[in-house]
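Secondary and tertiary structure notes
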Amino acid sequence: MRMSCMATIVASLAIGLSCLNAIPSRAASDAEIARLRTDMKYWSDNSPMCPDPDGDFLSKEYDYRQKKESNPNPPWAVCNDGDAMLFSGLLCSVGHSAECKTVKRSQDQSGKWWRSPRNARLKPAEGGTETNFSNDHAAGVWLYILHEHDVDAFKKWAHWIEANAYAGFIPEYCRDQRCAFKLVDCPVMDRVALSLGVGNDVCDSVLVPGTLPQLTVQRQSLQTLKATYGQAVASVKQVPGASDLLRLDALSSQIDKLLSSLNDQLDRLDTARVWVNTVARAASDSAGIVERLNSVVNDAGYPRHDVAVAAYILLKYGGIPSITTLQAARSVAAQDPENAFFEYVAHGKTDKMLADIFKSCRATGDVSLHPRFQWIWERDDRDTSNPKAELMYSDCLFVAQLYLTGSMRPSTLPELAGAQSVFLAERTAFETAEKDAGDLIETIHDFKKHPADSAAYLAQLPAASGMRISQGAAEGALKGLGVPPNQASTIAKILVPAPPRGSQSKPSITILPPFPDKRHPFIPPNPLHSLRLKH
């Protein structure tokens, strides 16, 4: 039956993930379900916890055989919390709110994640035998973020990673070279980002065919516009009286707003670009390909468990039908056939999974006889150290909850074409705003070359409508620009007509549609004829 399902997957990737749940499984008996629920209470009651001022959290006890500082006899030393993020994230993904809070509490204000809430509070220094975070445990953070859809936490984390990259460009999870990103980290992080509806800035430098380059040209264009604007204003203000007219006309204020808007538009364009690139990288299924490779080369024990966790994330939240991810999951399940977690990721909820849970997870006896530090699903089936005697119990609780929840339902991600259309729309908006800013800046230059035309044009700006401009200031500015005195006086009176004697109303300007002008697109050929002044 499994070979038949695999053939179906090869024929159609879209159908492939539905085949994850296609293996027939008998319905568990009422007695089996009752036993499982009874065992779950035992496991929940006996899971070790680390006392913490802000609330106890899931933790291991110390393995007295490996930790010289631990007690050789009960009671065992607690707060072996180096793996708290991974295990808490897994339990969070099946709805355990306390463990979701454990992960959330382990992120500090800067966005960095630590191994536990206790570590986040104490902030141990780097450089010890254990880094203050781990690549392996990033998966626990991803699971929390995805289950809780905590976009803000993801963005804060991504910002911290970018700001603290090793050598300025190598992403890392902590300020230690041992925390540098692994081969699979960017592909999985892409899928996490898209599941949240955002792009992945951290891996934006990873260019694959079809991705868009950095907006270097657009950023240089914006800087050029700002520099040109500054030069134009400085040039005009050197003319006596011109600065008064420019200031009162509020043209500078309008351009300042437009340039600020252009900055915002460029940010939106870059966000769209990152989104397109993230979709393009995810569509290549590089995450599944890497996991398939890891399923072959990773050692038994926790490295193989890492493959199953990554496959669990990709199949549950990854949004892309992936034959390679499914093959990776089934590869590790074949290598450790008694692992209930591997069985679930590879084949969904099955009767074999239930049998594996009962076989691996004891639910009787004195829990104080052995330290509770083994996450049983990280142990090789052929491990001879008897890890079943040293269960954490939360490991059994997690997989039992998976069984009761049922097989995974695959999610979907946006298609590349849709992401590209968003980018094109943002690029058009940016280019339109860029042209508007350029035209207005050119108007300042034209103010010196054609003062009469430019003065009339500036009067048309909405920001200038209704403003009281002193005829004296306008006339003085025009004269400073070299306009003959008689013309300057006439233009100033047209621009700012005096209100009727005894009238308290302000003059207003009604603009007729300007005629096109080949010499300057923003200035009518005879601006004085295109103005109708009303009192």
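Residues numbered from 1 in each chain as written. Predicted model: local features only at pLDDT ≥ 70, side-chain atom pairs only at ≥ 80, totals over all residues. Heavy atoms only, no water.

**As for the overall build of the chain**
Within the chain, the secondary structure is distributed over 22 helices and 4 strands. Across the 535 residues of the chain, 52% fall into the buried class. Within the chain, contacts between residues separated by at least 24 positions form 70% of all contacts whose residues are at least 6 apart in sequence. About 24300 Å² of surface is accessible on the chain, with carbon and sulfur atoms providing 55% of the total. (Helix = DSSP H or I, 4+ residues; strand = E, 2+ residues; numbered from the N terminus. Buried < 20%, exposed > 50% of the residue type's maximum accessible area, 1.4 Å probe, protein only. Contact = heavy atoms within 4.5 Å. Areas by Shrake-Rupley, 256 points an atom, 1.4 Å probe, with all protein chains shown as cover.)

**Brief notes about the nonpolar core**
Counting residues in each nonpolar core, the largest one holds 88 residues, and the members touching the most others are W43, W113, W142, W157, Y312, F341 and F398. Counting 25 residues, the second-largest nonpolar core is a separate cluster that includes V233, L258, F423 and I441. (Core = buried A, V, L, I, M, F, W, Y, C linked by side-chain atoms within 4.5 Å.)

**Points about the packing of aromatic side chains**
Here the structure, examined in full by the defined rule, presents 13 aromatic pairs. A ring pair is formed by Y173 and F181, whose centres lie 4.7 Å apart and whose planes are at 25°; its orientation type is stacked. In terms of burial, Y173 and F181 fall into one category: buried. Members of the aromatic cluster, each reached through a chain of ring pairs, are F87, Y312, F341, F342, W375 and F398. Note that K112 overlies the ring of W114, its terminal NZ or CZ placed 3.9 Å from the centroid. The ring of Y403 carries K349 above its face, with NZ or CZ at 4.7 Å from the centroid. (Phe/Tyr/Trp six-rings, centres within 6.5 Å; stacked < 30°, edge-to-face > 60°. Lys NZ or Arg CZ within 6 Å of the ring centre and 35° of its normal.)

**A short note on helix 9 (residues 185-196)**
Compared with an ideal rise of 1.5 Å per residue, which puts 12 residues at 16 Å, helix 9 spans 17 Å between its outermost C-alpha atoms and is within 8% of the ideal. With 11 of 12 residues buried, helix 9 lies mostly within the body of the structure. Positive backbone phi, approximately 85°, marks G197, located one or two places after helix 9. (Expected span 1.5 Å × (residues − 1).)

**Brief notes about the state of the cysteines**
With the rule as written, the count across this model stands at 5 disulfides. The disulfide partner of C174 is C179, and the S-S distance across this bridge is 1.9 Å. Judged by the sign of its S-S torsion, about 80°, the bond between C174 and C179 is right-handed. With relative accessibility at 0%, the residue C179 sits in the buried group. Along the chain, the cysteines engaged in disulfide bonds are linked according to the scheme 1-2, 3-4, 5-6, 7-8, 9-10 when indexed in sequence order. (Disulfide = S-S within 2.5 Å.)

**Quick look at the side chain of N135**
The residue N135 is located in the loop between helix 6 (117-122) and helix 7 (138-148) in this model. A polar side-chain atom of N135 sits 3.5 Å from a polar atom in the side chain of D185. Residues contacting N135, with those up to four places away along its chain left out, are Y173, R178, C179, A180, F181, K182 and D185. (Polar contact = N/O pair within 3.5 Å; in protein donor to acceptor, adjacent residues only side chain to side chain.)

**As for the pattern of salt bridges**
By the definition in use, this model includes 23 salt bridges. Of the charged contacts in the structure, one is a salt bridge between R382 and D380, with a shortest N-O distance of 3.1 Å. The exposure class of R382 is exposed, given its relative accessible area of 52%. Shared partners join several salt bridges into a network, and the residues in it are D204, R219, D270 and R273. (Salt bridge = Lys/Arg side-chain N within 4 Å of Asp/Glu carboxyl O.)

**Quick word on the packing of helix 3 (residues 30-46) against helix 18 (residues 394-405)**
Helix packing for two helices is described by the angle between their axes and how far apart those axes are. Direction vectors running N to C along helix 3 and helix 18 enclose 145°, while the axes themselves pass 9 Å from each other. Both helix 3 and helix 18 take part in a crossing whose hand is left-handed. Taken together, the residues of helix 18 that come into contact with helix 3 (itself represented by I33, L36, R37, M40, W43 and S44) are C396, L397, A400, Q401, Y403 and L404. Taken together, the residues of the contact of helix 3 with helix 18 sort by class into 9 nonpolar, 2 polar and 1 charged. (Axes fitted to C-alpha atoms, helices over the stretch in contact; angles between N-to-C directions. Left-handed = near helix turned anticlockwise from the far one by under 90°. Nonpolar A, V, L, I, M, F, W, Y, C, P; charged D, E, K, R; others polar.)

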